[in-house]
Amino acid sequence: MNPEPSFPLGIITQIRGKCIVMRGSDIDTDRIIPARFLKCVSFQALGEAVFADDRTQLKGEHPFDLSKNQNASILIVNENFGCGSSREHAPQALLRWGIRAIIGQSFAEIFYGNCLALGIPCVTTTEADILQIQNTINNDSNENWSLNLTELKLKNPYRSWDIKMNQGPLEMLISGNWDITSQLLNNDKKITDTIKKVPYLNNFIPIK
Amino acid sequence: MSSGTLYDKVWDLHRVTELPGGATQLFVGLHLIHEVTSPQAFSAIEEKGLKVRCPKNTIATVDHIVPTINQSRPFEDSLAEEMLLTLEANCKKHGIKFFGIGSGSQGIVHVIAPELGLTQPGMTIACGDSHTSTHGAFGAIAFGIGTSQVRDVLASQTLAMTKLKVRRIWLNGKLSDGVFAKDLILHVIRLLGVKAGVGYAYEFAGPAIELLSMEERMTICNMAIEGGARCGYINPDSTTFRYLKGRINAPSKIKWKDAVNWWLSLASDQLAVFDDEVKIDASSIAPTVTWGITPGQGISIEEQLPTIDSLDPNERPIAKEAFAYMKLKPGSSISGLPVDVCFIGSCTNGRLSDLQAAAKILKGKKIASGVKAFVVPGSEKVAKDAEKEGLDIIFRSAGFEWRKPGCSMCLAMNPDKLSGAEISASSSNRNFKGRQGSSTGRTLLMSPSMVAAAAIKGEVNDVRKMLKTN
């Protein structure tokens, strides 16, 4: 785990650091954070529990336990990462362990949104590139990687890969507007207008 | 792009405005909260000095962490007690209706909202739980959200959302005897896969869907998320209205006709355009059981487990992982596989009709020795109605434990857990590694009737054979 990680804030254009590779598709949120760790009223202690059961089984050989991966900030995954439960505890656990960006072939939808709400970009690339990136990390010193959101590139000192991110979430991150609550509250009058036109909140009076 | 679907109509009605990042600000008509995903959201709005925008559109209950044997307070587990205390305090402070233990209406959030008539066609419904898709059975647009979004809904009663595409899943024919909604949805997920629904809302339609009761429809929509679809729905019809009529929060007699007219107008148009459509024959579906570690790894009771070679190359790595974890042999039969624990309950299959179906199999029978079996009604109301019919006696006489309502061993955030590498026959929704509370525990998903059949024989078997002898 990273000592006293500073959490994402404001404009997010670049994440630098070491990469960590989690191979396999359909890695679900029950594996990222088993349900018993959801018994909490604060997210604070979740970092240590990330992948708890997988790590116990692999007795120190799990990617999140290997010494070479400590302090990594960019997680490399495969397909449909984060499927299953809506628990935000999953990205919270990754965040508190030190993850600041995730690169994969695809992501489950609720997980993707939960990450965005925390300022963790989930970016995608092809299966072939993921494999190449994973292999490069294994052979590489794995110190100087950077994920650049304005250029949409993942780079190490020797080469770079193209990455993709949907325009909406990308703009939210690079403009620093990913903490959405205040934007939503700005439209209070429009919210009131919507409430007035929804039939089930207005006695089902037929719309003329 | 879809047009004229129920999804389009409900989306348009709840659209507040477009946000700078390209997302839509969507009004949430009903916000359901529970003890697991709400405490941090309440802390977050309080830190910002915000209030709950629409406390009357917010409903709370406690389900995930409640013990199902002894529910007296304080709970033995001090963390669980703390979570419940926090929820109670938050609800009191913000004027939110809370259905607590003993209220007569406590239960799994996706069971109680429909039974209270809170869930209605045409609503947008959000809850910090992925199985919120359940409420789509009524023709609502219902989806799971994370805690940051729970915060946003508490603060503004709205969400930043991106519109989904719509895939219609058309089910022809009708389910045969001994085959249930659970088999149907496991079959659909098996065919389409666990990621096919990402980016989509699933509209379930066709003759086989129209024949289903509301409780069966809830089972279908509940598991849309297991196919990757955050939201699944069924167009409202006379079955929907019959279910709703007279429920405590359903529209009153005076408003009923206007309500029904509006609801009918929401159903997808004859000429609606879908982004994608698949057709599946429901009449050929057999009882279906999962053998692996994703809900898409299912087979019919008549089949053998797949061999690695028979699978699509993309499916092979996860299949190999599943065989190793489940300690099963490729090509072997699922029928005859011994089970240790039998669990009937959950937001997928913890309703009265589920308990009735299982009780029908268990009546006058005994469960196999060595099998631990328990039934957890989805709500206090389900428990009461079942007891009125004497189902509790049937279950108990057969050797099942009759528990108190809660999420129980579906996700094991409470004392109900597998131990070691036990195998469970489970009427719940997820067979992920470690899902049922043991990091080596194994889960076979199936219908409540199939769980009952497994309990009697102590092994997975075809419930249709028991129906014949009954």
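Per chain, residues are indexed from 1 in the order of the written sequence. Note on labels: chains are lettered from A, ligands numbered from 1, in written order. In keeping with the predicted nature of the model, local features appear solely for residues at pLDDT of at least 70, side-chain atom pairs appear and are counted solely at 80 or more, and the whole-chain, interface and lining totals rest on all residues. To obtain the side-chain values, all non-hydrogen atoms of the structure were included, while hydrogens and water were left out.

## Comments concerning the nonpolar core
So, step 1. One finds Phe81, Leu94, Ile102 and Phe111 of chain A together with Phe204 and Phe395 of chain B to be the most contacted residues of the largest nonpolar core, which totals 223 residues.
So, step 2. Domain start and stop positions are those given by an automatic or database domain assignment. Looking at which domains feed residues into this core, each of domain 1 (6–161) and domain 2 (288–469) of chain B gives three or more. Residues enter a nonpolar core if they are buried and are Ala, Val, Leu, Ile, Met, Phe, Trp, Tyr or Cys, with the set joined through side-chain atoms within 4.5 Å. The classification of residues rests on relative accessible area computed with a 1.4 Å probe and restricted to protein chains. Under 20% of the type maximum is buried, over 50% is exposed, and intermediate values are partly exposed.

## Remarks on the sheet that holds strand E2 (residues 24–27) of chain B
Sheet strands pair by backbone hydrogen bonding; their relative direction is either parallel or antiparallel.
So, step 1. The strand order E1-E2-E8 (chain B) describes an open sheet built from three strands, whose pairing is antiparallel. Of all strands in the sheet, those bounded by a partner on one side alone are strand E1 (15–18) and strand E8 (158–161) of chain B. On average, adjacent strands in this sheet sit at an angle of 25° to one another, irrespective of strand direction.
So, step 2. A pair of strands counts as paired when DSSP detects no fewer than two bridges linking them. Counting from the N terminus, the helices are the DSSP runs of H or I reaching at least four residues and the strands are the DSSP runs of E reaching at least two. Alignment of E1 of chain B against E2 of chain B, held across three bridges, turns out to be antiparallel. Counted as the bridge partner of arginine 15 of chain B is leucine 26 of chain B from E2 of chain B.
So, step 3. Packing of helix H8 (residues 188–197) of chain A onto the sheet brings it into contact with E1, E2 and E8 of chain B, and relative to E1 of chain B it is tilted by some 150°. The axes are straight lines fitted to the C-alpha atoms, using for helices just the contacting stretch, and the angles between their N-to-C directions are given from 0 to 180°. We call two residues in contact whenever any of their non-hydrogen atoms come within 4.5 Å of each other.

## Focus: the pattern of salt bridges
So, step 1. Basic side-chain nitrogens of Lys or Arg form a salt bridge, by our definition, when they fall within 4 Å of a carboxyl oxygen of Asp or Glu. Here the structure, examined in full by the defined rule, presents 34 salt bridges over all chains.
So, step 2. Residue aspartate 179 of chain A pairs with arginine 151 of chain B through a salt bridge whose shortest N-O separation is 3.6 Å. On the criterion of chain membership, the pair formed by aspartate 179 of chain A in the loop between helix H6 (167–175) and helix H7 (181–186) and arginine 151 of chain B in helix H5 (residues 147–156) is interchain, its members lying in two chains.
So, step 3. Aspartate 179 of chain A sits in the partly exposed class, given a relative accessible area of 32%.

## Things to note about the interface of chain B and chain A
So, step 1. On the side of chain A, 53 residues touch chain B, which itself brings 74 residues to the contact.
So, step 2. Here the quantity called buried area is the accessible surface, traced with a 1.4 Å probe, that two parts lose on coming together, added over both. A per-residue breakdown of the area chain B buries against chain A is headed by Gln40, Arg53 and Lys195 of chain B, which together make up 10% of the total.
So, step 3. Contacts described as polar in this section are N or O atom pairs within 3.5 Å, which, within protein, must combine one atom able to donate a hydrogen with one able to accept it, while residues neighboring in sequence count only if both atoms come from side chains. At the surface where chain B touches chain A, the tally comes to 24 residue pairs in polar contact (both at pLDDT 80 or more).
So, step 4. When residues in the side of chain B that touches chain A are grouped by element, the largest group, seven residues, is from H5 of chain B.
So, step 5. Grouping the amino acids of the side of chain B that touches chain A by side-chain chemistry returns 31 nonpolar, 26 polar and 17 charged. In the scheme used here, Gly and all other residues not listed as nonpolar or charged are polar, with Ala, Val, Leu, Ile, Met, Phe, Trp, Tyr, Cys and Pro taken as nonpolar and Asp, Glu, Lys and Arg as charged.

## Describing the side chain of glutamate 115 of chain B
Residues and elements named next belong to chain B.
So, step 1. Position of glutamate 115 among the secondary structure elements: in helix H4 (residues 109–115).
So, step 2. Within the buried set, glutamate 115 has no salt-bridge partner at all; the shortest N-O distance to an opposite charge, 5.6 Å, is to lysine 381.
So, step 3. One polar contact links glutamate 115 to serine 379, side chain to side chain, over a distance of 2.9 Å.
So, step 4. Not counting chain neighbours up to four residues away, the residues in contact with glutamate 115 comprise Tyr243, Arg247, Ser379, Lys381 and Val382. For the purpose of charge, His is not counted, nor are the chain termini; Lys and Arg are scored as positive and Asp and Glu as negative.

## Topic: helix H2 (residues 39–47) of chain B
So, step 1. Taken together, the buried positions of H2 of chain B are Pro39, Gln40, Ala41, Phe42, Ala44 and Ile45 of chain B.
So, step 2. Buried positions along H2 of chain B lie against helix H3 (89–97) of chain A together with strand E3 (30–33), helix H3 (78–94) and H5 of chain B.
So, step 3. Immediately beyond the C-terminal end of H2 of chain B, within one or two residues, lies glycine 49 of chain B, with a positive phi of roughly 70°.

## A look at the domain arrangement of chain B
Residues and elements named next belong to chain B.
So, step 1. Partitioning chain B into domains gives domain 1 (6–161) and domain 2 (288–469).
So, step 2. For domain 1 and domain 2, the distance between their C-alpha centroids amounts to 28 Å.
So, step 3. Each partner contributes residues to the interface: domain 1 has 26 residues there, and domain 2 has 24 residues.
So, step 4. Summed over the shared surface of domain 1 and domain 2, the number is zero salt bridges.
So, step 5. Viewed at the interface, domain 2 and domain 1 are joined by 16 residue pairs in polar contact (both at pLDDT 80 or more).
So, step 6. Top contributing element to the side of domain 1 that touches domain 2 by residue count: H4, with four residues.

## So, the environment of leucine 170 of chain A
Residue and element names in this part refer to chain A.
So, step 1. By secondary structure assignment, the location of leucine 170 is in helix H6.
So, step 2. It is 25 Å that separates the C-alpha atoms of leucine 170 and isoleucine 191, two residues lying 21 residues apart in sequence.
So, step 3. Leave out the neighbours within four places in its chain, and leucine 170 touches Leu149, Leu152 and Met165.

## Details of the sheet that holds strand E9 (residues 165–172) of chain B
All names here are of chain B.
So, step 1. Strand order in the open sheet made by the four strands is E11-E10-E9-E12, with parallel pairing throughout. Where the open sheet ends on each side, the last strands, each with one partner, are strand E11 (231–233) and strand E12 (276–281). Going across the sheet, the axis of each strand differs from the next one's by a mean of 20°, ignoring polarity.
So, step 2. Relative to E11, strand E10 (residues 200–205) runs parallel, the two sharing three bridges.

## Structural notes on the packing of H2 of chain B against H3 of chain B
Residue and element names in this part refer to chain B.
So, step 1. Remark: H2 packs on H3, axes separated minimally by 10 Å, with the N-to-C direction vectors making an angle of 40°. Between H2 and H3, the angle falls in the class oblique. Pair H2 / H3 crosses with left-handed handedness. Taken together, the residues of H3 that come into contact with H2 (itself represented by Pro39, Phe42, Ile45 and Glu46) are Thr86, Asn90, Lys93 and His94.
So, step 2. For the contact of H2 with H3, a count of residues per class yields three nonpolar, three polar and two charged. Convention used here: angles under 35 degrees read as roughly parallel, angles over 145 as roughly antiparallel, angles from 65 to 115 as roughly perpendicular, and any remaining angle as oblique. By convention the crossing between two helices is left-handed if the near helix lies anticlockwise of the far one by an angle smaller than a right angle, and right-handed if it lies clockwise.

## Concerning the packing of helix H1 (residues 6–14) of chain B against helix H10 (residues 253–266) of chain B
Residue and element names in this part refer to chain B.
So, step 1. Taken N-terminus to C-terminus, the directions of H1 and H10 make an angle of 120°; their axes are 8 Å apart at the nearest point. The orientation of H1 with respect to H10, classified from their angle, is oblique. Across the interface between the two elements, Leu6, Lys9, Val10 and Leu13 from H1 touch Trp262, Ser265 and Leu266 from H10.
So, step 2. The class makeup of the residues in the contact of H1 with H10 is five nonpolar, one polar and one charged.

## Describing unusual backbone geometry
So, step 1. Here the amide bond leading from arginine 73 of chain B into proline 74 of chain B is cis, since omega sits at -10°, within 30 degrees of zero.
So, step 2. Tracing the backbone shows proline 74 of chain B in the loop between strand E4 (58–61) and H3.
So, step 3. Its identity as a non-glycine residue notwithstanding, asparagine 203 of chain A has a phi of 60°, on the positive side.
So, step 4. Tracing the chain through its elements places asparagine 203 of chain A in the segment after H8.

## Quick word on the environment of valine 188 of chain B
All names here are of chain B.
So, step 1. Of note, valine 188 is situated in helix H6 (residues 181–192).
So, step 2. The buried category is assigned to valine 188, whose relative accessible area is 2%.
So, step 3. Note: C-alpha distance between valine 188 and isoleucine 285 (97 residues apart in sequence) is 9.7 Å.

## As for the packing of aromatic side chains
So, step 1. Aromatic pairs are defined between Phe, Tyr and Trp rings, using the six-membered ring for Trp, whenever the two ring centres lie within 6.5 Å; interplanar angles under 30 degrees are classed as stacked, those over 60 as edge-to-face, and all others as tilted. Taken as a whole, this structure holds 17 aromatic pairs over all chains when the rule is applied.
So, step 2. With 6.4 Å between their ring centres and 55° between their planes, phenylalanine 107 of chain A and tyrosine 112 of chain A make a pair best called tilted. Take phenylalanine 107 of chain A and tyrosine 112 of chain A: they sit in the same class, and that class is buried.
So, step 3. Pairwise contacts between aromatic rings join Tyr200 and Phe204 of chain A together with Phe241, Trp256, Trp262 and Trp263 of chain B into one cluster.

## Section: the side chain of aspartate 63 of chain B
Residue and element names in this part refer to chain B.
So, step 1. Positionally, aspartate 63 belongs in the loop between E4 and H3.
So, step 2. One buried charged side chain, aspartate 63, makes no salt bridge at all; its nearest oppositely charged neighbour is arginine 351, positioned 10 Å away.
So, step 3. In this structure the side chain of aspartate 63 is engaged in a polar contact, spanning 2.9 Å, whose partner is the backbone nitrogen of valine 109.
So, step 4. Beyond its immediate sequence surroundings of up to four residues, aspartate 63 is in contact with His34, Glu35, Gly107, Ile108, Val109, Gly406 and Cys407.

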